Amino acid sequence: MSESTTTGLPVEHADHVLPQGEQEHWSGVFAMTLCVFTLIASEFMPVSLLTPIANALRVSEGIAGQGIAISGASAVLTSLFISVLAGNMNRKTLLLGLTVVMGLSGAVVALAQDYFTYMIGRGLIGVVIGGFWSLSAAVTMRLVPLVQVPKALAILNAGNALAMVLAAPLGAYLGSIIGWRGAFFCLVPVAAITFIWQWGSLPSLPVETSTEKSDSGFARAFKVFMPLRRPVVLIGMLAIATFFMGQFTLYTYVRPFLESVTRVEVATLSLTLLLIGVTGCIGTLLINRALAFGFYQTLLVIPVLMAIIAVALISFGSWVTAVVVLLALWGLVATAAPVGWWAWIPRTFPMEAEAGGGLMVAVIQLAIALGSTLGGVLFDVSGYQTTFTASACLLLVSAILVFMTARAEKN
């Protein structure tokens, strides 16, 4: 998933900003953008390859889907404790180390002969997710002048948008040609290129000794939870959690649904996943207008629409045209929704954006882990109907919590 200071990612203090007169490092920004692309592609690759992974490892699709759950769980832990574990390590060295782990993850998954090894590989990518997103905004602020930071962060976020459009359909296509192991192994040379580019373009990034020196490492790790004492924050974070749980309870198991219920061929599957990504990009371009018209109304309508789509997929699951249209609408609103919630951060945390963004990163990753786990259990035990119904219920709960958040903000 993608985050930035414009979208809520936590950043460190202002003394991380590039000092006046120092050299700009735009090549480093683009190197990190490639890292974002590879990272997002790695994170969600199992969605488009779930069935062949399950068949090769002799497990059900639901159990194979836990590969997304374990990456989310390890991302939560890493995002909370990366500053403790890294200590005074140069941040360039840390980013290069995370890039090596990203490539290692792809290799471990590609070579996995059993489910346990597969889950180790997925856990490794979760470490990179949590570590990279906890560092990326602060590092970017040290690469370019303050006035250019929004532009640099927008470029960084473009890597995520591109990956969201291409990763799933490309994964399905490559899987049909060179197998799911080959698709994962393709991530390894990309990670190697990313490592070389970052090594050559990033300057030395020593830790700023003046930042947060009054707090111990573990105190800083848990300080992120302090805003939950405010009702509007607690209810809002619950709304976010139920939204992402509902989304990934369904979305993680789109491929087995399309193959076993809609019975599409690989070409149609790839095109459907591509369409979800394309409509998602359109949604991110349109949502700001909707938010300006009605902020909480937009955040409320989105999960309601997604719940309706989830129920409609149950009713029209065997009709290819209807399913493709419904999933395109799902991509349109589901991909746009996080933009609205990241906009909620400065609105709710005008003086604590760092703490609010850090809390949201942890909540989203935990919700993804729980949602994919719940969806996997229900998919195996009761089938797609129960899975999609649970998704709809969670999304409706999120809508109710959005309404409550709006009320709490006024009080």
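Residues numbered from 1 in each chain as written. Predicted model: local features only at pLDDT ≥ 70, side-chain atom pairs only at ≥ 80, totals over all residues. Heavy atoms only, no water.

## So, the overall build of the protein
The cut-off we apply is this: The secondary structure listing takes helices from DSSP runs of H or I that are at least 4 residues long and strands from runs of E that are at least 2 residues long, numbered from the N terminus. Only protein chains enter the area calculation, which uses a 1.4 Å probe; residues under 20% of their type maximum are buried, those over 50% are exposed, and those in between are partly exposed. Any pair of residues with heavy atoms lying within 4.5 Å of one another is described as a contacting pair.
The helix and strand inventory of the protein stands at 16 helices and zero strands. Per-residue burial for the protein yields a buried fraction of 57% across its 411 residues. Contacts spanning at least 24 positions in sequence make up 86% of the contacts within the protein whose residues lie at least 6 apart.

## A short note on the packing of helix α9 (residues 231-251) against helix α16 (residues 384-410)
The cut-off we apply is this: With axes taken as lines fitted to C-alpha atoms, and helix axes fitted only over the stretch in contact, angles between N-to-C directions fall between 0 and 180 degrees. For classification, angles of less than 35 degrees are called roughly parallel, those exceeding 145 degrees roughly antiparallel, those between 65 and 115 degrees roughly perpendicular, and all remaining angles oblique. Working rule for handedness: look at the near helix, and if it is turned counterclockwise from the far one by less than a right angle, call the crossing left-handed; if clockwise, right-handed.
Between α9 and α16, whose axes approach to 8 Å, the crossing angle comes to 160 degrees. In terms of axis orientation, α9 runs roughly antiparallel to α16. The element α9 and its partner α16 pack so that their crossing is left-handed.

## A word on the packing of aromatic side chains
Heads up, the condition is: For this analysis, a ring pair means two rings from Phe, Tyr or Trp (six-membered ring only for Trp) whose centres lie within 6.5 Å, classed as stacked if their planes differ by under 30 degrees, edge-to-face if by over 60, and tilted for the remaining angles.
Scanning all chains against the criterion turns up 12 aromatic pairs. Look at Tyr253 and Phe379: their rings are 5.6 Å apart centre to centre, the planes differ by 20 degrees, and that puts the pair in the stacked class. Here the residue Tyr253 occupies a position in the loop between α9 and α10 (254-262), and Phe379 occupies one in helix α15 (residues 353-382), the gap between them amounting to 126 residues. According to the relative accessible area criterion, Tyr253 is buried, its value standing at 0%. The exposure class of Phe379 is buried, given its relative accessible area of 14%.

## Topic: a nonpolar patch on the surface
How we decide: Patches in this entry comprise residues that are over 30% relatively accessible and not in a salt bridge; like charges within 9 Å are linked, as are nonpolar side chains (Val, Leu, Ile, Met, Phe, Trp, Tyr) within 5 Å. Reported accessibility uses the Shrake-Rupley method at a 1.4 Å probe radius. Residues are deemed covered only where the shown protein chains occlude them. By convention in these notes, a salt bridge is any Lys or Arg side-chain nitrogen within 4 Å of a carboxyl oxygen on Asp or Glu.
On the surface, Leu162, Leu166, Leu170, Tyr173, Ile177, Ile178, Leu271, Leu274, Val278, Ile282, Leu285 and Leu286 cluster together into a nonpolar patch covering about 1100 Å² of accessible area. Only α6 (149-185) and α11 (266-293) provide two or more residues apiece to the nonpolar patch. Within the secondary structure, Leu170 sits in helix α6.

## Points about the pattern of salt bridges
Per the stated rule, a full pass over the model turns up two salt bridges. Glu259 is the partner of Arg255 in a salt bridge, and the nearest nitrogen-oxygen pair spans 2.9 Å. With Arg255 and Glu259 both in helix α10, this residue pair falls four residues apart, about one helical turn. Residue Glu259 is classed as partly exposed on the basis of its relative accessible area of 24%. The partner of Glu409 in a salt bridge is Arg347, with the nearest N and O atoms 3.1 Å apart. You can see Glu409 sitting in helix α16 and its partner Arg347 sitting in helix α14 (residues 337-348), a full 62 residues away along the chain. Exposure remark for Glu409: the relative accessible area of 30% places this residue in the partly exposed category.

## Focus on the confidence of the model for the protein
The condition that has to hold: Residue-level confidence of the predictor is summarised by pLDDT, bounded by 0 at the bottom and 100 at the top.
Residues of the protein with pLDDT of at least 70 account for 86%, and the chain-wide mean is 84. Ranking the helices and strands of the protein by mean pLDDT puts helix α12 (residues 295-315) first, with 96, and helix α8 (residues 217-223) last, with 55. Note that pLDDT drops below 50 for residues 1-16; the model gives that stretch 57 contacts with residues more than four away or on any other chain. Segment residues 210-214 is flagged for pLDDT under 50; beyond a separation of four residues in sequence, or across chains, it makes seven contacts in the model.

## A short note on α10
Taking burial as the measure, the nine residues of α10 include seven buried ones, the bulk of the element. Arg263, located one to two residues past α10, shows a positive phi value of around 60 degrees.

## Some remarks on the environment of Gly131
Along the polypeptide, Gly131 turns up in helix α5 (residues 115-140). Separated by 37 residues in the primary sequence, Gly131 and Leu94 place their C-alpha atoms 8.8 Å from one another. Once you skip the residues sitting within four places of it in the chain, Gly131 turns out to touch Thr78, Ile82 and Leu98.

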